[in-house]
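# Results of the structural survey
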Amino acid sequence: MSSDETPNVPVARHSREAVREKAQLVHAQQSRARLMRRLIIGLVAILAVGSIGAAVAYAVSSSISKPQLSPSGMSDDGVTVTEVSAAPSAPGATPAPTESAAETGESATPAPDPSATAGAKPTEIHIYVDYLSAGAAEFERANARQLAGWISEGAVTVTYHPVALLTASSNGTKYSLRAAAAAACVASYAPNSFYDYNHELLTGQPEPDSDGRSDADLADLAVAVGVSDAKKVRSCIEKQDFVSWAKAATDRALEGPLPGTDDMKLNNEALILVGGKSYVGALNDPAEFSQFVLTIASDEYFGATKPTPTPTPTTTPAS
């Protein structure tokens, strides 16, 4: 009987050792797996940090390598129109402002303009336009024809200042800002077409609270008005070269002072200054605007030619 029990003793001992060895093997495998996971996580973290750093470095280097562009042919962020190829059609056009009409109070009476009078200078008109402004569009439709006539006669100088106060009013497309930048592109590369392009942007405004024109549409409009260097203008508009300038120019106008004034600031999206004075009349009434210009021109002319009083000699009484 004893011979049957003795063989079982070493078997149990060997079994325990086998289990222990297996447990050690499993523990070693788990340790290696944990180490591998840590290595993989570390490598992923290093790669992620490296990618973020590379992206930041690329963004910084791109911003440094691409300087902020500014349009050419502008003065005080404005485009002075000196030539008009053809006067746009508009109702109610009136003759150029004159000093003789100011004396009679009749703004529609034809007479020589101030620039034709010796010593007189053209009256300066500065127009601040947001291409989404209904008021700016209304003023352009009503006064484009007489403004073109005054420019051609040399009675006034008209300077347009594209601004972007209504950037948030186009479903997130920033049409107001992009249109101002597009106008700057035309002013830089095709200045003779600026008046026509400005007129089309204002009289053909998008519907309120719509997306407005795309950059490609803005470029197509420039080509349609006959810009001289269509390739450069299109590239400038579609690449948004002057968007940063348009925003900065708007900020400068809001901070003031505006050119030709002491302390005026941009206070609405359709601001018209004549001789440094703000026009507050009806935007759609060309006769009222003409009378305002006439009054300013008259004040400038008579102020410049007013003779200096000569002292009257006193008589010494005889003794």
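Residues numbered from 1 in each chain as written. Predicted model: local features only at pLDDT ≥ 70, side-chain atom pairs only at ≥ 80, totals over all residues. Heavy atoms only, no water.

Going by the annotation in an unreviewed UniProt entry, the name recorded for the protein chain is Thioredoxin domain-containing protein, with Microbacterium commune given as the source organism.

Secondary-structure assignment places Asp241 in the loop between helix H8 (230–238) and helix H9 (243–255). Looking at Asp241, the relative accessible area reads 18%, which means it is buried. Apart from the residues within four sequence positions on either side, Asp241 is in contact with Leu69, Ser235 and Cys236. (Helix = DSSP H or I, 4+ residues; strand = E, 2+ residues; numbered from the N terminus. Buried < 20%, exposed > 50% of the residue type's maximum accessible area, 1.4 Å probe, protein only. Contact = heavy atoms within 4.5 Å.)

Our next topic: the sheet that holds strand E3 (residues 156–163). In spatial order, the strands read E1-E3-E2-E4-E5; together these 5 strands make up an open sheet with mixed pairing. The open sheet has two edge strands, strand E1 (79–81) and strand E5 (277–278), and neither has a second partner. (Pairing = 2+ DSSP bridges.)

At a minimum axis separation of 9 Å, helix H4 (residues 134–153) and helix H6 (residues 194–203) run at an interaxial angle of 155°. Classed by the angle they form, the pair H4 and H6 counts as roughly antiparallel. Crossing geometry of H4 relative to H6 is assigned as left-handed. Across the interface between the two elements, Ala136, Ala137, Glu140, Arg141, Ala144, Leu147, Ala148 and Ile151 from H4 touch Tyr195, Asn198, His199, Leu202 and Thr203 from H6. Here the contact of H4 with H6 is composed, by residue class, of 8 nonpolar, 3 polar and 2 charged. (Axes fitted to C-alpha atoms, helices over the stretch in contact; angles between N-to-C directions. Parallel < 35°, antiparallel > 145°, perpendicular 65-115°, else oblique. Left-handed = near helix turned anticlockwise from the far one by under 90°. Nonpolar A, V, L, I, M, F, W, Y, C, P; charged D, E, K, R; others polar.)

Before going further, it helps to spend a moment on the state of the cysteines. What is meant by a disulfide is a covalent connection between two cysteines, made through their sulfur atoms. Overall, the coordinates contain 1 disulfide when judged by the stated rule. For Cys185, the disulfide goes to Cys236, at an S-S distance of 2.0 Å. Across the S-S bond linking Cys185 and Cys236, the dihedral sits near -75°, which makes this disulfide left-handed. Of this pair, Cys185 sits in helix H5 (residues 175–189) while Cys236 sits in helix H8, and the two are 51 residues apart along the sequence. With respect to class, Cys185 is no different from Cys236; both count as buried. (Disulfide = S-S within 2.5 Å.)

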